[in-house]
Amino acid sequence: MADRQNLALVGIGKIAVDQHVPALAASPDWQLAATVSRAGTVDGVEVFTSMETMLEARPDITTVSLAIPPVPRFAYAQAALRAGRHVMLEKPPGATLAEVHALRALAAEQGVTLYTTWHSRMAHAVAPAKAWLAGKTITRAHITWREDVRKWHPGQDWVFEPGGMGVFDPGINALSILTEILPAPVHLQSAELEFPANRQTPIAARLHFSGNVTADFDWRQTGPQTWDMEFDTTAGPMALRMGGNVLEIGGQPSQGENTIMDEYPALYARMAELVAAGRSEVDLAPMVHVADALTLGKRIVTDAFHF
Ligand code: NAP
């Protein structure tokens, strides 16, 4: 592991601890050389409380990975790109589409890599599902993405603040898979959004797309969680279950799962490839559907929500 490049991880919160730190510890490409955190630490890793100080003090750090919520992320990404560092963004890549366009332009100007990650696209059965759907005609598709916000975002009020996206924070994972595997793009036609009376973002959403594609996102599901995508095609049914990890063809489990790496190791491997190739990867397709749902959606007020 002698040739690992130094990387700084910004925001030592739930996803950093659950996924980024273990993925980096096992990475053949990256050395976690510093963190930027207001409160967290990673054993044995230098911590900075200010991004500017880190960028100035550690010119050896080539790459910055941002695992903070979308609203504060732009300023951090901009600072890193201006300092000539490659940048990797958690999903969703920003609070707005325009700020991600601005980051893409800045990365190009600076000659560095910008990678808008979509971790669910790296789930084990996504590539085989895409291969199976290629060239087939889809007659109907339905997504059910129902989970418990208290389990996955304990006490995280930012998800219900403007820019936090509410139930689209997990729902965008399903949309990232959908936009990856569909043989032809779809667009949103209508939506119903349920807003808790005391919150700024929806806790549930029902989406209707062109091509007979629908989605049901709900953050109030306790007990078993559901992350399913079902497709009817002229060649029979196909389903992706467990958040893109299990493939079913014709109602039977398929042996098609062929991705060797887990989601976050695969994201860091992809970042290393992009940096080596001198390229950026910026895909806003999942976020366009969320923006459209927030533009077109009919607002329904529902019960107040408290963590
Ligand atoms: P989180 O734990 O609430 O926040 C992550 C960290 O970001 C915080 O611990 C804090 O780190 C920093 N932070 C929070 N607010 C900030 C602010 N206003 N300014 C600067 N830094 C701030 O959130 P998370 O669940 O890890 O989610 C972070 C991102 O990862 C989101 O975009 C989310 O969609 C994505 N994600 C989350 C999950 C999940 O299961 N939770 C899964 C996949 C992806 P410091 O205390 O170190 O400063």
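Residues numbered from 1 in each chain as written. Predicted model: local features only at pLDDT ≥ 70, side-chain atom pairs only at ≥ 80, totals over all residues. Heavy atoms only, no water.

Per an unreviewed UniProt entry, the protein chain goes by the name Gfo/Idh/MocA family oxidoreductase and belongs to Pseudotabrizicola algicola.

**Brief notes about the site of the ligand**
In the vicinity of the ligand there are 26 residues, among which Ile12, Ser37, Arg73, Trp158 and Asp169 approach most closely. Contact between the ligand and Trp158: an oxygen atom at 2.8 Å from a side-chain N or O atom of the residue. A distance of 2.6 Å separates an oxygen atom of the ligand from a polar side-chain atom of Asp169. In terms of residue count, the dominant contributor to the shell around the ligand is helix α3 (residues 70–82) (four residues). Partitioning the shell around the ligand into residue classes produces 13 nonpolar, seven polar and six charged. Residues from two domains meet in the shell around the ligand; each of domain 1 (5–116) and domain 2 (120–262 + 291–302) gives at least three. (Near = heavy atom within 4 Å. Polar contact = N/O pair within 3.5 Å; in protein donor to acceptor, adjacent residues only side chain to side chain. Helix = DSSP H or I, 4+ residues; strand = E, 2+ residues; numbered from the N terminus. Nonpolar A, V, L, I, M, F, W, Y, C, P; charged D, E, K, R; others polar. Domains from an automatic or database assignment.)

**Overview of the sheet that holds strand β2 (residues 30–36)**
The pairing of strands in a sheet comes from backbone hydrogen bonds and takes either a parallel or an antiparallel form. Reading across the sheet, the six strands line up as β3-β2-β1-β4-β5-β6 and stay open at both edges, with parallel pairing between neighbours. Of all strands in the sheet, those bounded by a partner on one side alone are β3 (46–48) and β6 (114–116). This sheet shows a mean twist of 25° between the axes of neighbouring strands, independent of strand direction. With four bridges connecting them, strand β4 (residues 63–66) and strand β5 (residues 86–89) associate as parallel partners. If you follow Val64 over to β5, its bridge partner there is Val87. Each of β1 (5–10), β4 and β5 is contacted by α3, which is oriented at about 160° to β5, the strand it contacts most. Across the face of the sheet, helix α8 (residues 263–277) comes into contact with β1, β2, β4, β5 and β6 while running at roughly 150° to β5. (Pairing = 2+ DSSP bridges. Axes fitted to C-alpha atoms, helices over the stretch in contact; angles between N-to-C directions. Contact = heavy atoms within 4.5 Å.)

**Focus: the domain arrangement of the protein chain**
Reports of interface size often rely on the accessible area that becomes lost once the parts have come together. Per the domain assignment, the segments of the protein chain are domain 1 (5–116) and domain 2 (120–262 + 291–302). Here domain 1 and domain 2 have C-alpha centroids that lie 27 Å from each other. If you look at the interface, domain 1 gives 10 residues, while domain 2 gives 13 residues. Summed over both sides, the interface between domain 1 and domain 2 buries roughly 790 Å², with carbon and sulfur atoms accounting for 69% of that surface. If you sort the residues of domain 1 by the area they bury against domain 2, Lys14, Lys91 and Pro92 come out on top, with a joint share of 53%. Counting the contacts that link domain 1 with domain 2 gives one residue pair in polar contact (both at pLDDT 80 or more). Looking at the side of domain 1 that touches domain 2 residue by residue, the classes come out as seven nonpolar, one polar and two charged. (Buried area = accessible area lost by both parts, 1.4 Å probe.)

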